[in-house]
Amino acid sequence: MNAARAIDGKAAAAALREKVAAGAREFARKALRKPGLHVVLVGEDPASAVYVGAKEKALHKAGMDGAVHRLPASTGEDELLRLVRKLNADPTVDGILVQLPLPDHLDEAKVLDTIDPEKDVDGFHVVNAGKLAVGKEALVPCTPAGCIRLIKEERGDLSGLHAVVIGRSNIVGKPMAQLLLAENATVTIAHSRTRNLPELAKTADILVAAVGRPEMVKGDWVKDGATVIDVGINRLAPAEDGAKGRLVGDVAYDEAARHAAAITPVPGGVGPMTIAMLLANTLVAAHAREGLEAPTL
Ligand code: NAP
Ligand code: L37
């Protein structure tokens, strides 16, 4: 096979952010306020700090109100829950995102489930996870929501296609599988106990890697003509000359691109879509809270 087409997540994200910005202007005209998105960052995880910074910039650029609440790693559970409840009660707040991972002493599930499900723009609350599982309208986790958009743009109707999702986390793998199933794909979820993973992966028309292991998926795991979605964001150790470590996905890109028809690069693939979908979810939440019909994005 010839080299795959690189799926341009940056361009897709820019297009989506444009639509969201237009929707935010229209919302402000009707509701007499801007959509509001608040991001909570606890501690100093360097990757989280970068992503939250990017989210902060994007929300203002999209014409939304909001802020990042940066709390020290030593923040107690009571204090964090107090902030979440304050944001729940604030009528100008449409979206609340608590960036994961949280420091070890904080109970992630408890914090996530304290967020008002209507403001849960990350879609991590059990109510939203449950709605997605039973096929009700829900706020859907941003990363898989971005992936399904890219996949549909690529493949159109997914009916009967075999999708293999490697990874079963609550934030990526599981909701990704639900979204593919809802599009009538035949879905296999693989994880660390899966046997014969390379052979299984090779049967996939759509292969999604959400593992967190640099370049684990090799070229000979990829079926000719497959669509490959690489969710992994792995920072390799910095070079000895002091340069910042290179960013790679969970897929060995060059090898995989010799078999795939299309593949997302890292960076420039799924990552930018994650942020654009967060803005889209906020716009949807804002409309729902005001009893307005959200635009099609
Ligand atoms: P996670 O919670 O660590 O889950 C990883 C999954 O991979 C688990 O289900 C695990 O299986 C499975 N796994 C681990 N080793 C495996 C192996 N050797 N073979 C097969 N499966 C294996 O990670 P996550 O939060 O889902 O994130 C996955 C990746 O996506 C990370 O690189 C993360 O940085 C990236 N990510 C990117 C974005 C973005 O916007 N682009 C957003 C979120 C996350 P078990 O369940 O059996 O342990
Ligand atoms: N919604 N996302 C949400 N909630 C969370 O709790 N942890 C987490 C989360 N993850 C997250 O924001 N991930 C993420 C990953 C990558 C990007 C954005 C968000 C991204 O923009 N990546 C760029 C490269 C950035 C870099 O150079 O480090 C890319 O092109 O892939």
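Provided above is the structure to which this section pertains.
This report concerns the structure included in the present document. As the structure is a prediction and not an experimental result, all values here were calculated from the model.

## Some details on the site of ligand 1
Around ligand 1 sit 22 residues in total, of which Arg168, Ser169, Ser192, Arg213 and Thr274 are the nearest. Between arginine 168 and ligand 1, the recorded distance is 2.7 Å, taken from a side-chain N or O atom to an oxygen atom. Separating an oxygen atom of ligand 1 from a side-chain N or O atom of serine 192 is a distance of 2.5 Å. Summarising the interface, the protein chains cover 70% of the accessible area of ligand 1, which totals 930 Å² for the free molecule. When residues of the shell around ligand 1 are assigned to their parent elements, the largest contribution, three residues, is made by helix α10 (residues 270-289). For the shell around ligand 1, the class distribution of residues is 10 nonpolar, 10 polar and two charged.

## Observations regarding the nonpolar core
Counting 55 residues, the largest nonpolar core has Ile151, Met176, Leu180, Val208, Ile229, Val231 and Leu279 as its most contacted members. Among the elements that make up this core, the one with the highest residue count is α10 (11 residues). Excluding anything up to four places from it in sequence, isoleucine 229 contacts Ile7, Cys147, Ile151, Leu207, Val208, Ala209, Thr264 and Val270. Counting 19 residues, the second-largest nonpolar core is a separate cluster that includes Leu197, Ala209, Trp221 and Ala256.

## Some remarks on the pattern of salt bridges
The full count for this structure, using the stated rule, is 10 salt bridges. A salt bridge links arginine 33 to glutamate 290; the nearest nitrogen and oxygen atoms lie 3.0 Å apart. Highlighted residues: arginine 33 in the loop between α1 (9-31) and β2 (36-42) and glutamate 290 in the segment after α10, separated in sequence by 257 residues. Judged by its relative accessible area of 17%, arginine 33 falls in the buried class. Salt bridges sharing partners connect three or more residues here, namely Arg33, Asp94, Arg289 and Glu290.

## Topic: the site of ligand 2
If you check the shell around ligand 2, you find 16 residues, and the closest are Lys55, Leu100, Asp122, Pro267 and Gly268. For ligand 2, an oxygen atom lies 2.7 Å from a polar atom in the backbone of leucine 100. Aspartate 122 places a side-chain nitrogen or oxygen 2.4 Å from a nitrogen atom of ligand 2. If ligand 2 stood free it would expose 670 Å²; the protein chains cover 81% of that surface. If you list the elements that add at least two residues to the shell around ligand 2, you get α2 (46-61), β4 (95-98) and α10. A total of three residues in the shell around ligand 2 trace back to one element, the largest contributor, which is α10. Partitioning the shell around ligand 2 into residue classes produces 10 nonpolar, three polar and three charged.

What counts, and at which threshold
- Residues numbered from 1 in each chain as written.
- Chains lettered and ligands numbered in written order.
- Predicted model: local features only at pLDDT ≥ 70, side-chain atom pairs only at ≥ 80, totals over all residues.
- Heavy atoms only, no water.
- Near = heavy atom within 4 Å.
- Polar contact = N/O pair within 3.5 Å; in protein donor to acceptor, adjacent residues only side chain to side chain.
- Areas by Shrake-Rupley, 256 points an atom, 1.4 Å probe, with all protein chains shown as cover.
- Helix = DSSP H or I, 4+ residues; strand = E, 2+ residues; numbered from the N terminus.
- Nonpolar A, V, L, I, M, F, W, Y, C, P; charged D, E, K, R; others polar.
- Core = buried A, V, L, I, M, F, W, Y, C linked by side-chain atoms within 4.5 Å.
- Buried < 20%, exposed > 50% of the residue type's maximum accessible area, 1.4 Å probe, protein only.
- Contact = heavy atoms within 4.5 Å.
- Salt bridge = Lys/Arg side-chain N within 4 Å of Asp/Glu carboxyl O.

Structural measurements only, silent on function.
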